[in-house]
Amino acid sequence: MKIRKADIILAVVIAIIGIIASVYLTLHDTDVRNGQVVVYVDSELYGKYPIDEDQEIEVKQGDHINKITIKDGNAQMTFANCHNQDCVKQGKINDMSKSIICLPHKVVVEIQSDDRKYDAVSG
Amino acid sequence: MNKNSISYKIGQAAVMTALALIVSYIEAILPFSVGIPGVKLGLANIVVVVALYRLGIKYAFTINIIRIFLAGFLFSGVFGILYSLAGGLLSFVVMIAVKQCRVFSIVGVSLAGGVAHNLGQLLTAAALVENIKVFVYFPVLVFSGLIFGILIGIVAGLVTDRLEKAGV
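On a predicted model such as this, the values are computed, not experimentally measured, just so you know.

Rules of the game
Residue numbers restart at each chain and count upward from 1, following the sequence in its written direction. As they are written, the chains are lettered A onward and the ligands numbered 1 onward, keeping that order. Totals for whole chains, interfaces and linings use every residue, but because this is a predicted model, local features are given only for residues with pLDDT of at least 70 and side-chain atom pairs only at 80 or more, for both listing and counting. Heavy atoms from the whole structure form the basis of all side-chain values; hydrogens and water molecules are not counted. Labels follow the DSSP assignment, with helices taken as runs of H or I lasting at least four residues and strands as runs of E lasting at least two, numbered in each case from the N terminus. Here the term buried applies to any residue with accessible area under 20% of the maximum for its type, exposed to any over 50%, and partly exposed to those in between, with areas from a 1.4 Å probe on protein chains only. Residue-level accessible areas treat just the shown protein chains as cover; the underlying method is Shrake-Rupley with a 1.4 Å probe. Residues count as neighbours in contact if any of their non-hydrogen atoms are within 4.5 Å of one another. In this analysis, strands are considered paired if DSSP registers two or more bridges between them. UniProt positions are given in the numbering used here, feature names are shortened, and annotations may be inferred rather than shown by experiment. Aromatic pairs are defined between Phe, Tyr and Trp rings, using the six-membered ring for Trp, whenever the two ring centres lie within 6.5 Å; interplanar angles under 30 degrees are classed as stacked, those over 60 as edge-to-face, and all others as tilted. Only when the NZ of Lys or the CZ of Arg is both within 6 Å of the ring centre and within 35 degrees of the ring normal is a charge said to sit over the ring. As a working definition, buried area equals the accessible area (1.4 Å probe) given up by two parts on being put together, with both sides summed. Think of a salt bridge as a Lys or Arg side-chain nitrogen and an Asp or Glu carboxyl oxygen that are within 4 Å of each other. In protein, a polar contact requires one atom able to donate a hydrogen and another able to accept it; more generally it is a pair of N or O atoms within 3.5 Å, and residues adjacent in sequence count only if both atoms are side-chain atoms. The nonpolar class holds Ala, Val, Leu, Ile, Met, Phe, Trp, Tyr, Cys and Pro. Asp, Glu, Lys and Arg form the charged class, and all remaining residues, Gly among them, are polar. Only four residue types enter the tally: Lys and Arg on the positive side, Asp and Glu on the negative side, with His and both chain ends excluded. Structural elements are reduced to axes, namely lines fitted to C-alpha atoms, with helices fitted over the stretch in contact, and the angle between N-to-C directions of any two is expressed from 0 to 180 degrees. In a left-handed crossing the near helix is turned counterclockwise from the far helix by less than a right angle, and in a right-handed crossing that turn is clockwise.

Participant: What exactly am I supposed to notice about the overall build of chain B here?
Facilitator: Along chain B, the regular secondary structure elements total six helices and zero strands. Element order for chain B, N to C, with α for helix and β for strand: α-α-α-α-α-α. Residues counted as buried form 48% of the 168 residues belonging to chain B. With an accessible surface of roughly 8200 Å², chain B has 72% of that area assigned to carbon and sulfur atoms.

Structure representation (structure tokens):
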């Protein structure tokens with residue numbers, strides 16, 4: 001048995017593909033599986049909602065109304081009757097590094113992940 | 001004894017099938033786990049690669065399929081068979097293609113097979129879980145397929161050489 005040049009080239013090419021893939025995945029590895037949209041009002045936990053279930057959450061505190069929409073794995077503040085509308089302008093969030101904050105109403109929307117980031121896949 | 005006779009080949013294929021099954025069993029009970037699904041030694045591929053070189057495509061294919069079904073029913077269940085089949089078939093096709101190139105040695109054939117095996121399993125996982133995100137495992141599986149494929153190829157090469165020398 002002799003290892004040939006072509007074997008080494010093939011191994012190197014595959015290794016390079018693997019390295020490129022890992023670099024790519026590391027750079028794009030912020031999105032969340034099994035994530036939950038967590039809403040805080042005035043630093044108190046208001047509710048947790050699965051990010052993969054499309055729904056609309058209404059947060060009412062007296063005259064203060066915020067509406068959070070979860071759709072296609074994104075959370076977004078779709079309506080707020082606050083004066084600056086910063087939270088609405090923030091748009092969609094879908095990873096753990098971001099949050100939506102409505103300062104006037106003290107509403108914070110965060111995304112949290114379950115302790116294990118990836119599901120097990122049977123081999 | 002004529003080494004090209006059908007009965008001689010069938011006899012060898014039978015022994016190799018039994019061997020592949022035993023090796024699958026050993027792998028099933030080995031407490032080897034790196035915590036990443038799909039990372040396997042692929043010991044049974046030693047037998048398949050040796051069969052590919054000694055007996056040809058038809059026999060190697062049959063040995064592989066029989067082994068997958070037997071080992072699947074015995075050790076892992078229907079889903080295990082599905083994963084093994086996807087990995088086994090893709091890896092086999094790739095190994096034949098690489099072998100036909102004639103510029104690669106048995107190690108090149110085996111490492112290509114190892115990587116293809118893992119990709120096949122990954123594709124099955126993506127189809128069954130219906131979630132493209134299982135591809136986060138892609139790099140790990142590429143490297144494990146590569147490394148174990150090389151090791152398996154070296155062993156298969158040694159075995160093939162020895163069998164040749166022993167005149168079996």
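And the narrative resumes.
Participant: Could you clarify how one ought to interpret the overall build of chain A in this entry?
Facilitator: The number of helices and strands found in chain A is two helices and eight strands. The linear arrangement of helices and strands in chain A, starting from the amino end, is α-β-β-β-β-β-α-β-β-β. A separation threshold of at least 6 residues defines the contact pool for chain A, and within that pool the share at least 24 residues apart is 35%. When the accessible surface of chain A is totalled, it reaches about 7500 Å², and 54% of it is carbon and sulfur.

Participant: Would you mind showing me how to read the sheet that holds strand β3 (residues 55-61) of chain A here?
Facilitator: One key point about sheets: their strands pair by backbone hydrogen bonds, in either a parallel or an antiparallel sense. All names here are of chain A. Taken together, four strands build an open sheet; the order of strands is β3-β4-β5-β6 and the sheet is antiparallel. Both outer strands of the open sheet, β3 and β6 (92-93), are each paired with one neighbouring strand and no more. Direction of pairing for strand β5 (residues 74-80) relative to β6: antiparallel, over a ladder of two bridges. Bridging from a neighbouring strand, Gln76 pairs with Lys92 of β6.

Participant: Mind showing me how you'd approach the UniProt feature "transmembrane region" (unreviewed entry) in chain B here?
Facilitator: Residue and element names in this part refer to chain B. Mapped onto this numbering, the UniProt entry annotates "transmembrane region" (unreviewed entry) at residues 12-32, 38-56, 68-97, 103-129 and 136-159. Structurally, residues 68-97 is divided into 97% helix and 0% strand, and its ends, taken at the C-alpha atoms, are 21 Å apart. A distance of 35 Å separates the end C-alpha atoms of residues 136-159, which is 92% helix and 0% strand.

Participant: I keep staring at the packing of aromatic side chains and nothing clicks. Help me out?
Facilitator: Centre distance and the angle of the planes are the two values used to describe a pair of aromatic rings. All told, the structure shown has three aromatic pairs over all chains when counted by the stated rule. The cationic tip of Lys67(A) hangs over the ring face of Phe79(A); the distance from NZ or CZ to the ring centre is 5.6 Å. The ring of Tyr53(B) is capped by Lys99(B), whose NZ or CZ atom sits 4.9 Å from the centre of that ring.

Participant: Just checking my understanding: could you explain the pairing of strand β8 (residues 107-113) of chain A for this structure?
Facilitator: On a regular strand, one side chain projects to one face of the sheet and the next to the other, so that they alternate. All names here are of chain A. With seven bridges connecting them, strand β1 (residues 35-41) and β8 associate as antiparallel partners. Along β8, the bridge assignment pairs Val38 with Glu110. The pairing of strand β7 (residues 99-102) with β8 spans four bridges and is antiparallel. The partner of Cys102 across the bridge, within β8, is Val107. Counted along the chain from β7 to the antiparallel partner β8, the turn is four residues long, and its residue Lys106 has a positive phi close to 55°.

Participant: I keep staring at the interface of chain A and chain B and nothing clicks. Help me out?
Facilitator: A common way to report how large an interface is uses the accessible area buried once the components associate. Each side of the interface is counted separately: chain A has 23 residues, and chain B has 32 residues. Overall, the association of chain A and chain B removes approximately 2200 Å² of surface from exposure, summing both partners, and the carbon and sulfur fraction of that is 72%. The interface formed by chain A and chain B includes zero salt bridges. Along the contact surface separating chain A from chain B lie five residue pairs in polar contact (both at pLDDT 80 or more). Here the residues of the side of chain A that touches chain B are counted per class, giving 13 nonpolar, four polar and six charged.

Participant: Is there a simple way to explain the side chain of Arg67(B) in this structure?
Facilitator: Residues and elements named next belong to chain B. As for its placement among the helices and strands, Arg67 is situated in helix α3 (residues 57-76). Glu27 provides the closest opposite charge to the buried, salt-bridge-free Arg67, at an N-O distance of 6.9 Å. Contacts of Arg67, omitting those with residues within four sequence positions, involve Ala20, Leu21, Ser24, Ala44 and Gly72.

Participant: I keep staring at the pattern of salt bridges and nothing clicks. Help me out?
Facilitator: Any two side chains of opposite charge can pair, given that their charged atoms come close. All names here are of chain A. If you walk through the whole model with that rule in mind, you get three salt bridges over all chains. Between Asp72 and Lys71 there is a salt bridge, and its shortest N-O distance comes to 3.9 Å. Judged by relative accessible area, which is 59%, Asp72 ranks as exposed.

Participant: Would you mind showing me how to read the packing of helix α1 (residues 6-29) of chain B against α3(B) here?
Facilitator: Angle between the axes and distance between the axes are the two parameters that describe a pair of packed helices. Residues and elements named next belong to chain B. Interaxial distance between α1 and α3 falls to 9 Å at its minimum, and their mutual angle equals 35°. With respect to the hand of their crossing, α1 and α3 are arranged in right-handed fashion. Here α1 contributes Ile6, Lys9, Ile10, Ala13, Met16, Thr17, Ala20, Leu21, Ser24, Tyr25 and Ala28 to the contact with α3, which in turn contributes Tyr59, Ile63, Ile66, Arg67, Leu70, Ala71, Leu74 and Phe75. Tallied by class, the residues present in the contact of α1 with α3 amount to 15 nonpolar, two polar and two charged.

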